Amino acid sequence: MASDIFVLVEHHEGTVTDLTHELLGKARELAGAAGGEVVACVFGSGASGLVSGLAADRALYVDHPSLERFIPEAYVGALAELVSQRSPRLTLIGNTTVGMDVAGALSARAGLPLVAYCSALSIEGDNVVAMSQVFGGKLTAEVELAGGIASVIAGSFEPATGGSPQVEEVAAPASLGDVKTKFSNRVEPEGGDVDITEQGILISVGRGIGGAENIEIAQELADALGGVVSASRPITDSGWMPKTRQVGKSGSKVKPKLYIACGISGAPEHLEGMRDAELIIAINTDEGAPIFDVAHYGTTEDLFDVLPALTEQLQSAVGA
Amino acid sequence: MNIVVPMMQTVDLVEELELNDAGTDVEREYLKFVANEWDEQALEEALLIKDASGATVTVVGLDEVDVDGTLYTALARGADKAVKLTGDFSEGVTSHQRSAILAEYLKGTSFDLVLIGVQSAEDLDGQTGVLLAGRLGLPHASVAVTVEPADGGVKVAQEMGAGIIHELTIQTPAVIGIQAARETPRYAPITRVRQAMQDGGLEQAAAPSVEGDSGVTVRRLFAPESTSHAEMLSGDADAVAGRIFELIRERGLAKA
């Protein structure tokens, strides 16, 4: 096993993702500890320009028509080839849709250990030590592995930018000529609804709201505050609120002045989208809910009592 | 189209998560287990395909705590066949082990599509679906929110984050990790679940023995030492509401 740290470079519409720069930042530290180099793995079609500015020592660029867009099996094929030829100590991949598809399939194909949902990584002698957020963020696992693959949660590491890696263009494996997946279309989110990223006050509802009919009490509070109701993933998946209102990894990242989380437990994917709000108040009957770790103030009183009481106080203050 | 939906039992996160004596896993003997919520989404998506085009849906689960209830409920919802793979899984099962068992099982069956929950609360060593796809050498897509039959395969809507969707056409056989079904998982009345239990339509087979070492060793499991914690507001709901009102007003965020 070599000592290099590989980073899968994720890019969309010609832009490298922020998370990729975070992975490169961590890779620099790990490569220093392992005595290896930081190697950026860039896949695309006519996209070698993406390499410039990456904070890596070297970049391996694979060019193929099937790598123009993200096609899971094509990415896995390209990365598996690089990893099997060059045996890096560790390959860092973002815990995104791309990362989920690539990390697991690569682990199975290359027979390499994989640790998912990483929020910390270090090298201790012969071991890579990782912290992994499991059980919905309620528990952290400290694990060790000889090397392999780590998929990393966004926001875990300081980004590194600026660099001029030495570029090596690597021939695409033959398997990329026979991919079974065809990319048809990229669909942008629908407009028309309010933009929750532009709101100063968000009253956000989660599973604890119980049913679509109960969202009204959050709406009444939002009205009294001049804010807007947003939601966590289970609520939009249930169709109780439109997708445009979803806060979190697969929805929108928000940074309002006030974020009142109502019945939201605080899965890592949700926290990723709202932890930078200026004032976070969490209402959740489960005192162990991870939302309280990012909230500034919290209560375990029932949201069905607190919200109407707060709305009433706001309304009487206006009326006074 | 033959659709297989693997269903796993996972710790109910609503419960307090007690650890085992070694501190390396949750205490599986006493905790409550429920069906992985993403697997239930995968089942619903499979049933929607069945409703639209007459597919056959098979659910398969390892012999984990309360899996019978999950599998019978799946039958009551409309699955055609349920298979329980027996063995001793009391120590928990890694995603690598689970995917290895499922891969061996699937090699002996005829299927076009595997729909599986995109993740679970316990997949420390990766998500079962993509591991399974990697083992079987099949095309795959994770974080899918729509799967529909298409010529020679399926059309998949894959969520990329920030509301962006990629539409893919994938030749079958394939493995798709479902984030959310197009509709809320259907309800199975308890009478129908009981009927399914009385009919006893649960097939059993010994789980294939596999090498499924993940190469990842858990040193310890712990509740995250959060660097900060919310200041908890005391008093009843009215008092708490009053305190929140003050906090909002102090920052000039109230209308008044």
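This text gives an overview of the structure that appears in the document. (Residues numbered from 1 in each chain as written. Chains lettered and ligands numbered in written order. Predicted model: local features only at pLDDT ≥ 70, side-chain atom pairs only at ≥ 80, totals over all residues. Heavy atoms only, no water.)

Right, let's get into the overall build of chain A. Secondary structure summary: chain A contains 8 helices and 17 strands in total. In terms of overall dimensions, chain A has a C-alpha envelope of 70 × 45 × 35 Å along the principal axes. Looking at chain A as a whole, 58% of its 320 residues are labelled buried. Looking at chain A alone, contacts between residues at least 24 apart form 62% of all its contacts between residues at least 6 apart. Charged side chains in chain A number 20 positive and 42 negative. The centres of these two groups are separated by 6 Å. (Helix = DSSP H or I, 4+ residues; strand = E, 2+ residues; numbered from the N terminus. Buried < 20%, exposed > 50% of the residue type's maximum accessible area, 1.4 Å probe, protein only. Contact = heavy atoms within 4.5 Å. Lys, Arg positive; Asp, Glu negative; His and termini not counted. Charge placed at Lys NZ, Arg CZ, Asp CG, Glu CD.)

This brings us to a negative patch on the surface. On the surface, a cluster of negative charge is contributed by A:Asp302, A:Asp305, A:Glu312, B:Asp236 and B:Asp238. Structurally, A:Asp305 is set in helix α8 (residues 303-319). Its relative accessible area of 42% is what places A:Asp305 among the partly exposed residues. (Patch = residues over 30% accessible without salt bridge, like charges linked within 9 Å, V, L, I, M, F, W, Y side chains within 5 Å. Areas by Shrake-Rupley, 256 points an atom, 1.4 Å probe, with all protein chains shown as cover. Salt bridge = Lys/Arg side-chain N within 4 Å of Asp/Glu carboxyl O.)

Helices that pack against each other are described as a pair by the angle of their axes relative to one another and the distance between those axes. All names here are of chain A. In the contact formed by helix α4 (residues 215-225) and α8, the axes pass within 9 Å of each other and the chain directions differ by 25 degrees. By the angle class used here, α4 and α8 are roughly parallel. Pair α4 / α8 crosses with left-handed handedness. Contacts from Ile217, Ala218, Glu220, Leu221, Ala224 and Leu225 in α4 reach Leu303, Phe304, Leu307, Leu310, Thr311, Leu314 and Gln315 in α8. Grouping the constituent residues of the contact of α4 with α8 by class yields 10 nonpolar, 2 polar and 1 charged. (Axes fitted to C-alpha atoms, helices over the stretch in contact; angles between N-to-C directions. Parallel < 35°, antiparallel > 145°, perpendicular 65-115°, else oblique. Left-handed = near helix turned anticlockwise from the far one by under 90°. Nonpolar A, V, L, I, M, F, W, Y, C, P; charged D, E, K, R; others polar.)

Moving on, we come to the pattern of salt bridges. According to the stated counting rule, one finds 35 salt bridges over all chains in the structure shown. With a shortest N-O distance of 3.0 Å, B:Arg186 and B:Glu44 are connected by a salt bridge. Taken together, the residues B:Arg186 in the loop between β10 (174-178) and α5 (190-199) and B:Glu44 in helix α1 (residues 37-53) connect sequence positions 142 residues apart. Through salt bridges that share partners, A:Glu124, A:Glu142, A:Glu144, B:Arg219 and B:Arg220 make up one connected network.

Moving on, we come to helix α2 (residues 72-86) of chain A. Residues and elements named next belong to chain A. The first and last C-alpha atoms of α2 sit 21 Å apart over 15 residues, in line with the 21 Å expected at 1.5 Å per residue. Counting buried positions over the 15 residues of α2 gives 11, a clear majority of the element. Three or more residues of α2 are buried, namely Pro72, Glu73, Ala74, Tyr75, Val76, Gly77, Ala78, Leu79, Ala80, Leu82 and Val83. (Expected span 1.5 Å × (residues − 1).)

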